[in-house]
Number of protein chains: 2
Amino acid sequence: MSEIKRVYRFGGKIAEGDGTMRNLLGGKGANLAEMCRLGMPVPAGFTITTECCTEYYANNGQFPAELKADVDASMAATEKIMNMKFGDPECPLLVSCRSGARSSMPGMMETVLNIGLCSATIPGLIKRTNNPRFVYDAYRRLIMMYSDVVMEKAENIEPEEGHGIRVQLDRMLAKVKEAKGYKSDTDLTVEDLKELCEDFKVRVKQELGKPFPDDAYEQLWGGIGAVFKSWNGKRAIAYRRIEGIPDDWGTAVNVQSMVFGNMGENSATGVAFSRNPATGENKFYGEWLINAQGEDVVAGIRTPNPLNEATKNEHNKNMASLETAMPEVYKELDQIQQNLEHHFHDMQDIEFTIQDGKLWMLQCRIGKRTGIAALNMAMDMLHEGLIDEKTAVMRVAPKQLDELLHPILNPEEEKKVAPVAQGLPAGPGGSVGRIVFTAAEAVEAAAKKEKVILIREETNPEDVEGMRAADGLLTARGGMTSHAALVARGWGKCAIVGCDALKINMINRTATIGDKLFKDGDILSLDGTKGLVFGQAIPTMNASENPRFIEYMKIVDKYRVLGVRTNADNPYDAQTALDFGAEGIGLFRIEHMFYGKNSAEPLAKLRKMIMSNTTVEREHALAELEPFVKEAAKGTMKVMDGKPVTFRLLDPPLHEFVPQTAEKQKELAAAFDITVADIQKRGEALHEVNPMMGHRGVRLGITYPEVSRMQFKAIFTATAELMKEGYTPQPEVMIPVTISVRELNFQKNICEEVHAQIEKEYGVSIKYLFGTMIEIPRAAIIADSMAKTAQFFSFGTNDLTQMTFGFSRDDVGAFMPDYLANKILPADPFQTIDRFSVGKLVEIGIKGGRSTNPKLKVGICGEHGGDPASVEFCNEIGMNYVSCSPFRIPIARLAAAQAAIKANEAK
Amino acid sequence: MSEIKRVYRFGGKIAEGDGTMRNLLGGKGANLAEMCRLGMPVPAGFTITTECCTEYYANNGQFPAELKADVDASMAATEKIMNMKFGDPECPLLVSCRSGARSSMPGMMETVLNIGLCSATIPGLIKRTNNPRFVYDAYRRLIMMYSDVVMEKAENIEPEEGHGIRVQLDRMLAKVKEAKGYKSDTDLTVEDLKELCEDFKVRVKQELGKPFPDDAYEQLWGGIGAVFKSWNGKRAIAYRRIEGIPDDWGTAVNVQSMVFGNMGENSATGVAFSRNPATGENKFYGEWLINAQGEDVVAGIRTPNPLNEATKNEHNKNMASLETAMPEVYKELDQIQQNLEHHFHDMQDIEFTIQDGKLWMLQCRIGKRTGIAALNMAMDMLHEGLIDEKTAVMRVAPKQLDELLHPILNPEEEKKVAPVAQGLPAGPGGSVGRIVFTAAEAVEAAAKKEKVILIREETNPEDVEGMRAADGLLTARGGMTSHAALVARGWGKCAIVGCDALKINMINRTATIGDKLFKDGDILSLDGTKGLVFGQAIPTMNASENPRFIEYMKIVDKYRVLGVRTNADNPYDAQTALDFGAEGIGLFRIEHMFYGKNSAEPLAKLRKMIMSNTTVEREHALAELEPFVKEAAKGTMKVMDGKPVTFRLLDPPLHEFVPQTAEKQKELAAAFDITVADIQKRGEALHEVNPMMGHRGVRLGITYPEVSRMQFKAIFTATAELMKEGYTPQPEVMIPVTISVRELNFQKNICEEVHAQIEKEYGVSIKYLFGTMIEIPRAAIIADSMAKTAQFFSFGTNDLTQMTFGFSRDDVGAFMPDYLANKILPADPFQTIDRFSVGKLVEIGIKGGRSTNPKLKVGICGEHGGDPASVEFCNEIGMNYVSCSPFRIPIARLAAAQAAIKANEAK
């Protein structure tokens, strides 16, 4: 053996690796080793390390020279434990080759089963199993899988669509079945299979130009190479991009003795979870198929049986459970899952095979779960004493909370409508949308922000991006552990699978569900929690307050250090945010009163101000506008009573408020008794080449101090009135788009003058803070100077990202997809703060600001305030609070708590 | 006396201050002290410090309490030296109050003369001088000056235009002269003057509500306060803004015994330069007036006499020189000026008065000079051994070189035309433009980039901004040391003064020059070097190679460390730049071939590329475009043979090249056989909200790699062809608008592929550098990473300033004036690099880049590369080169040399 240990053996209750070695052995390999050490029945084998995969890529796709000897020795050890021999004519051992990444990538990489079957070993296996049909069925599966994965995909052969080798062999199989009038694969006879295998091999050679390998070791090395190569397959790369998995981790290869769930009626295979992954319910839950290989369960080709009586549902209540069919095996399996959960302190996702009545464990791993399940499991396990509070806090991904806050079908409305079908509730929540038939259409619709429901016979990994894009997912086949169900749950997507009543006609682009015909573009509603499909739109509603959620968030807040405020500009949003736990308003955008409903009156006043030709005219218009601003400020501060409300002064360039259409211009002209030409002229005068970097924010307040004055007056008047009414308003005044402390001083002079005047007028003493956005690079760089006047900073990382990258948010669509596709950027910097640049400026800003003003309060507002990775960053660099939209507040709270726990652990 | 020394005395060959104390005593005060120490005849007096001025402002315009005692004591000392007494009825001392800033601000602040004349002292003075006319003339001057400066301006009284007290008193004086039929002020009799003084005092009380003070000390304190206040007068502030003088320096006040040049025919006053300030010629040069006060010379009311025979000109050849009129005094003055120049090692600007045959020195200071004079004096003094090489290099302000490079009237063309008049050659060079009559019109025209010639009877400080804005200046009155001449020379502006033949009629807005009538809008040409005025446009030409200039620049280059390259995109500009000393091209903008003349063909190809719908179509269009790019690259590299040429890849967003007008769109549609709608659609598709931060620069090369490929191919093909022809081209490839090293890697892969292909095709080995612009904040921040691939950085501080400030250069006009007026920014950051922010990023960028790539070459391109202050910064932070437009190259070379000398001295 070489000095670098590239191969780790396991089997016979001992293993060279263990459960801690995920990075080196991949999740699957580490857990196989751990299961062996726990004394569980694991077919013997060995794991080739992820490092070896990296070596392989560094080496231009060549195996390290020493690997062969390592594999040979490990194979010998495996043979000894299993008491069989790989490639041996008498007692042949078959093996599988499976991928195993550090982080689970379900269905994204390749697997080859039944390796070792060849003309030399077939007779021996027939002799030993006394089951020639099984052997030839295994052989045809090997040929189908191997030719597809190793000989076609791994060789980068790109067949025309629908002409891949797998499709061709599938068609040949179907033709035989058709010719012979068979309904199921199991109807195929030994002779059928034998003939099919020969025909398959001829076709493989014709199509791929190489014979199907008839040597066990040649098959083995082909399999190992194909797994390595599949790490850089298109699907795997797409999945890693979505999940944020680094490209250089690599995959391990697990070579493991085959055991067979398809050796007859005494054999079976299954997939199970130690708790329900959709709901979190603490019941052993799973699916199995008699006389089948594992891929049959995952692929969703046959509808599987329930694992036990307790978890039967409407859909499978008449099918036999493993508990009743094989009670002894079930008992052993149940004990194992309990041991595993106890050992790992988390819900386990396990794969098992029963060969001729004997249970074998093929895999265990931490199970994926919905947000609801994650919450419920965390709380249950906490109460069971299985985990502590901190662990419970860490157990729910902040993004998963989104699910809990996402809409469901309005239960009252749902009651009134009869479902057209029922399927398996694979992903909870409600979804309403237009039918689309392909992943590509779903992606296209998502780009237009249109809600669609993707309907498919069954999904396959090629559909991943479409599943991501669709609002809901409906499939005709597959069980709760099918590909579609796993992926949908992973993303908290509303999904129903195994809906037998669904028949799709791809040629006509229609679907019948039960007896109803649906065309391309028709609307469906899905209740993913119950598995109900409705043939019409049903109103959705927000998930009501869930007491479990409230209890969980209380624990979360115990560990949180960072404050969480909201971005809200009206009493309604402020109330929503309060309900979600907001501790104040970090961003009240004054200009929001000029958008949307109820904006007509104030907008008219604003326009009058914009059309003014002199300071006096402008001051008149401002005097008319002020009461509206005051009312908006007052209403929101009232709801937020006792909590800080940060008012950001008018931010956008004025031309945004000049009407663009001829009709609107005409209306405005009539209202102000001026000409349309005047309006157009003003619009042109205000037109800017790059409005993002133009006359906006504080720059308006410098050229038109009266505009700032009006806003200060409105804010302080609202405050004074509320104080008189017995409230405790806490206004904070925030100046946007600043680059110099002199801008702040200029504005503060006006602010203090107005403040003194209102205090005198109302006879009250108004406390307030005066601060600034830090959203222009210069402001961050000279923050030490800004903080001499500013009492707080709020980092506007949206604009800061625009300026730091030179990316106009409105225009970035032209090149961002290419930037992500070519890996020039690891992520969209508008979604997650770029630590290397924007983050650096934020750090410089905080350090600088606190150097001259140690009491400086620091927060962030904008999209990043609700992004978990960005919240973690904000916690790390010592901000006082983050501010985000009301619906992201729980996410921010959880992310902040997790960040604090991580930071403490890192100490 | 108080602990803080606020008052410094001088007189009688001793002084408390000296010439080094400019900051405290102002330039005038420090030099008066120094002259005393040198034993020169200086009227005694004292200087109140600039710090006291700052105290005065900090104290809300109140004098420090201790000042009075200090002034009283110093006045007593002065009285003792002059053997007279201030306010004394018998032997009254009169004093002047003059400003004195650190840096000369000619005519921008106030002066009051003859202080101390009042009813108590008048009889005594008459008795002592035996010249009642002189005394009453001095009194009427005091009233006129004091009421204007102290009682009106310093009190912030803003009279209607044309109704200021000074104008009213002037009118009263003129009326008396008219009524009596007098031609000159000197015709006024004692009785006239006596009566006038009484009438003046009545008018002053009527108009300003206060009597003219009749107490010597009240007059004195009024004068001191008025000088302090004039520091913050509008004119002074405007001048400081233009000259970049800080607002908080303050002015000193010089209180000095009056001596009189107007005491009769044995008295005189004059202004002189130790060398000619317009040409640099080493001849004692100046002007004087018999029986006059200094203000008469400066104000240009009387045309003055020449100082000596050697410097007489066409204009004054028949007037008496001081040399012949008062040979003894002249000899003494000549000796003094020689001593002063020898003492200060620089050309001196001196003011003197001859009182009753005795010479008094009133002022000496370093004289302002034109660029040509600065160059000539530096070279002469170097050859004379008066200064060393480094001093010579420091003696010319980089901005002054601009003059030397500026146009002159084409001498051949000039010969063919008869001048309509001749005046004094106050500012050299040639100027052609439309006549304007007011400063405001000149400012307006400059805003439209129109060339105008400002014509005025005489200029006064209120005209400063108009003089700055005009291309040339012509006045009817004034000498070479008049306000107009001083200011024009300071700015290197073409100017002719004292043009007697010019008569202006402001009401008709016409002017006659000689016998020719000129209307508003007519064209004039000025030869400011010879003082000739032409009544038509004469072609201008660039100053030809001046051997003195070449010699000077050779010395400059001895001290320069920083390289100087040029921004040029065609052979013509490249040659101009070479002639000016460029050491290579730092910025060849490929897109420039699509602008201006000869761009029709390549632009058509580019548009074809833009209108392409597929990669194949685009590649076809690019193949057609490539030969044009190659030719442009080749022609320029040929001229720059052996020197580096940095090619910046296509930078602007593509929509800039889609025609906007209906007509042009129609043309294009016909040419490409597509519809106008297609063109509009493409234009709309390419439209961006903020194009500055949109799809441009390297972003185009990422989405359309074929666009980069074409450019690489053109550059390397041009290089290979030139090599085959025996040249030594040195191409450098520069990628714009980058934010990540991955962009560079992406482009470099393409570049290297093309490079290898061209090398193979031509059988040559092509050396080149691969680098990047650093113009987006992120690129500067992560420069360590950028430099792993980039072999050079060129800081694009134009865009970096846009992004760092969030200032769109195209839109900044809406608020920049307010930002400067409100002192929010000290200067336009697009003109001079902002060290606090953009400079910080540049520093971070250089440090980061060199940390991973110690051999990294670093330069700057864009406007700042030719700005002296910015060049100094570039030298300081260790750049390798700056790159600027061809005409700024000498400026950059000189600025770089001065920066290196300063940096060495600071060590």
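Nothing here was measured: the structure is a model prediction, and the numbers come from that model.

(A) Structural context of the overall build of chain A. Each helix and strand counted, chain A has 35 helices and 34 strands in total. Over its C-alpha trace chain A gives a radius of gyration of 32 Å, about what one expects of a compact globule, namely 29 Å for 907 residues. For chain A, the C-alpha atoms occupy an extent of roughly 105 × 60 × 50 Å along the three principal directions. Per-residue burial for chain A yields a buried fraction of 59% across its 907 residues. Contacts in chain A between residues at least 24 apart in sequence constitute 69% of all its contacts with a sequence separation of at least 6. Summed over its atoms, the accessible surface of chain A is roughly 36000 Å², and 50% of this surface lies on carbon and sulfur atoms. Distance between charge centres in chain A, computed from 106 positive and 121 negative side chains, equals 2 Å.

(B) Focus on helix 15 (residues 398-405) of chain B. With respect to burial, helix 15 of chain B is a largely interior element, six of its eight residues being buried. Within the span of helix 15 of chain B, buried status applies to Pro398, Gln400, Leu401, Glu403, Leu404 and Leu405 of chain B.

(C) Highlighting the nonpolar core. Judged by nonpolar contacts, the single largest core of 310 residues is most densely connected at Phe795 and Met879 of chain A together with Phe793, Phe795 and Met879 of chain B. The contact partners of Phe795 of chain B, leaving out residues within four places of it in the chain, are Ile774, Leu800, Val842, Gly845, Ile846, Val858, Gly859, Ile860, Cys861 and Met879 of chain B. Leu94, Val112, Val150 and Ile165 of chain A belong to the second largest nonpolar core, which has 65 residues in total.

(D) Looking closely at the environment of Arg395 of chain B. Residues and elements named next belong to chain B. Turning to its location among the elements, Arg395 is positioned in the loop between helix 14 (389-394) and helix 15. Looking at Arg395, the relative accessible area reads 18%, which means it is buried. Each C-alpha atom of the pair Arg395 and Gly87 lies 46 Å from the other, and the pair is 308 residues apart in sequence. Each residue touching Arg395, except ones within four places of it in the same chain, is listed here: Phe344, His345, Asp346, Arg369, Ala374, Ala378, Met381, Ile387 and Gln400.

(E) Fine view of the packing of aromatic side chains. Taken as a whole and judged by the stated rule, the model has 38 aromatic pairs over all chains. Between the aromatic rings of Tyr146 of chain A and Phe212 of chain A, the centroid separation amounts to 5.5 Å while the plane-to-plane angle is 80 degrees, which identifies the pairing as edge-to-face. Within this pair, whereas Tyr146 of chain A is found in helix 5 (residues 132-153), its partner Phe212 of chain A is found in the loop between helix 7 (190-208) and helix 8 (216-230), the two being separated by 66 residues in sequence. Of the two residues, Tyr146 of chain A and Phe212 of chain A, both sit in the buried class. Each member of the aromatic cluster is reached from another via a ring pair, and the members are Tyr56, Tyr57, Phe63, Trp221 and Phe228 of chain A. Of note, Lys5 of chain B hangs over the ring of Tyr8 of chain B, and the distance from its end group to the ring centre comes to 4.7 Å.

(F) Spotlight on the pattern of salt bridges. All names here are of chain A. In this structure the tally under the stated criterion is 112 salt bridges over all chains. In this structure, the salt-bridge partner of Lys180 is Asp192, at a minimum N-O distance of 2.9 Å. Taken together, the residues Lys180 in helix 6 (residues 165-180) and Asp192 in helix 7 connect sequence positions 12 residues apart. Lys180 gets classed as partly exposed once you look at its relative accessible area, which sits at 46%. The salt bridge involving Arg275 is made with Glu341; its shortest N-O contact spans 2.7 Å. With Arg275 in the loop between strand 9 (268-273) and strand 10 (285-290) and Glu341 in helix 12 (residues 327-344), this residue pair connects regions lying 66 residues apart in the sequence. On the basis of relative accessible area, Arg275 is assigned to the buried category, the value being 1%.

(G) Structural detail: the interface of chain A and chain B. Facing the 44 residues of chain A at the interface are 44 residues of chain B. When chain A packs against chain B, close to 3900 Å² is buried across both sides, 64% of that on carbon and sulfur atoms. Of all residues in chain A, Met693, Arg778 and Ile824 of chain A give up the largest surface area on contact with chain B, accounting jointly for 16% of the area buried on that side. Where chain A packs against chain B, one counts two salt bridges. Residue Arg778 of chain A pairs with Asp834 of chain B through a salt bridge whose shortest N-O separation is 2.8 Å. Inspection of the chain A/chain B interface yields 24 residue pairs in polar contact (both at pLDDT 80 or more). Elements supplying a minimum of two residues to the side of chain A that touches chain B: helix 26 (698-703), helix 28 (741-762), helix 29 (777-781), helix 31 (797-805), helix 32 (816-821) and helix 33 (838-852) of chain A. Residue composition of the side of chain A that touches chain B, grouped by class: 22 nonpolar, 11 polar and 11 charged.

(H) Structural detail: the packing of helix 21 (residues 571-579) of chain B against helix 23 (residues 615-639) of chain B. Residue and element names in this part refer to chain B. One can describe the packing of helix 21 onto helix 23 by two numbers: an axis separation of 8 Å at closest approach and a directional angle of 20 degrees. It follows that helix 21 is roughly parallel to helix 23 by the angle criterion. Considering only the axes of helix 21 and helix 23, their crossing is right-handed. The residues of helix 23 that touch helix 21, namely those facing Pro571, Ala574, Gln575 and Leu578, are Gly635, Thr636 and Val639. Its residues assigned to classes, the contact of helix 21 with helix 23 comprises four nonpolar, three polar and no charged.

(I) Region of interest: unusual backbone geometry. All names here are of chain B. Despite not being glycine, Asn130 has its phi angle at roughly 55 degrees, a positive value. For Asn130, the position within the fold is in the loop between helix 4 (122-129) and helix 5 (132-152). Unusually for a residue other than glycine, Lys449 sits at a positive phi of about 60 degrees. The residue Lys449 is located in the loop between helix 17 (439-447) and strand 18 (452-456) in this model.

(J) Examining the environment of Thr512 of chain A more closely. Residue placement: Thr512 of chain A occurs in strand 22 (residues 510-513). Apart from the residues lying within four places of it in its own chain, the contact partners of Thr512 of chain A are Ala501, Leu502, Lys503 and Leu517 of chain A.

(K) Region of the structure containing the relation of the copies chain A and chain B. If you rotate chain A by 179 degrees and push it 0.4 Å along the axis, it lands on chain B with an RMSD of 0.3 Å. Accordingly, the operation relating the two chain copies is best matched by a two-fold axis. When C-alpha positions in chain A are compared against the rotation axis, the closest is assigned to Asn690 of chain A, at 2.1 Å.

(L) Local environment of the sheet that holds strand 12 (residues 348-355) of chain A. Residues and elements named next belong to chain A. Taken in spatial order, the five strands make up an open sheet running 11-10-9-12-13, and their pairing is antiparallel. Since the sheet does not close on itself, it has two edges, and those belong to strand 11 (305-306) and strand 13 (358-366), each with one partner. Alignment of strand 9 against strand 12, held across six bridges, turns out to be antiparallel. From the neighbouring strand, Ala272 faces strand 12, where its bridge partner is Ile350.

Each value, and the rule that gives it
- Residues numbered from 1 in each chain as written.
- Chains lettered and ligands numbered in written order.
- Predicted model: local features only at pLDDT ≥ 70, side-chain atom pairs only at ≥ 80, totals over all residues.
- Heavy atoms only, no water.
- Helix = DSSP H or I, 4+ residues; strand = E, 2+ residues; numbered from the N terminus.
- Rg over C-alpha atoms; globule rule 2.2 N^0.38 Å.
- Buried < 20%, exposed > 50% of the residue type's maximum accessible area, 1.4 Å probe, protein only.
- Contact = heavy atoms within 4.5 Å.
- Areas by Shrake-Rupley, 256 points an atom, 1.4 Å probe, with all protein chains shown as cover.
- Lys, Arg positive; Asp, Glu negative; His and termini not counted.
- Charge placed at Lys NZ, Arg CZ, Asp CG, Glu CD.
- Core = buried A, V, L, I, M, F, W, Y, C linked by side-chain atoms within 4.5 Å.
- Phe/Tyr/Trp six-rings, centres within 6.5 Å; stacked < 30°, edge-to-face > 60°.
- Lys NZ or Arg CZ within 6 Å of the ring centre and 35° of its normal.
- Salt bridge = Lys/Arg side-chain N within 4 Å of Asp/Glu carboxyl O.
- Buried area = accessible area lost by both parts, 1.4 Å probe.
- Polar contact = N/O pair within 3.5 Å; in protein donor to acceptor, adjacent residues only side chain to side chain.
- Nonpolar A, V, L, I, M, F, W, Y, C, P; charged D, E, K, R; others polar.
- Axes fitted to C-alpha atoms, helices over the stretch in contact; angles between N-to-C directions.
- Parallel < 35°, antiparallel > 145°, perpendicular 65-115°, else oblique.
- Left-handed = near helix turned anticlockwise from the far one by under 90°.
- Least-squares fit on C-alpha atoms with pLDDT ≥ 70 in both.
- Pairing = 2+ DSSP bridges.

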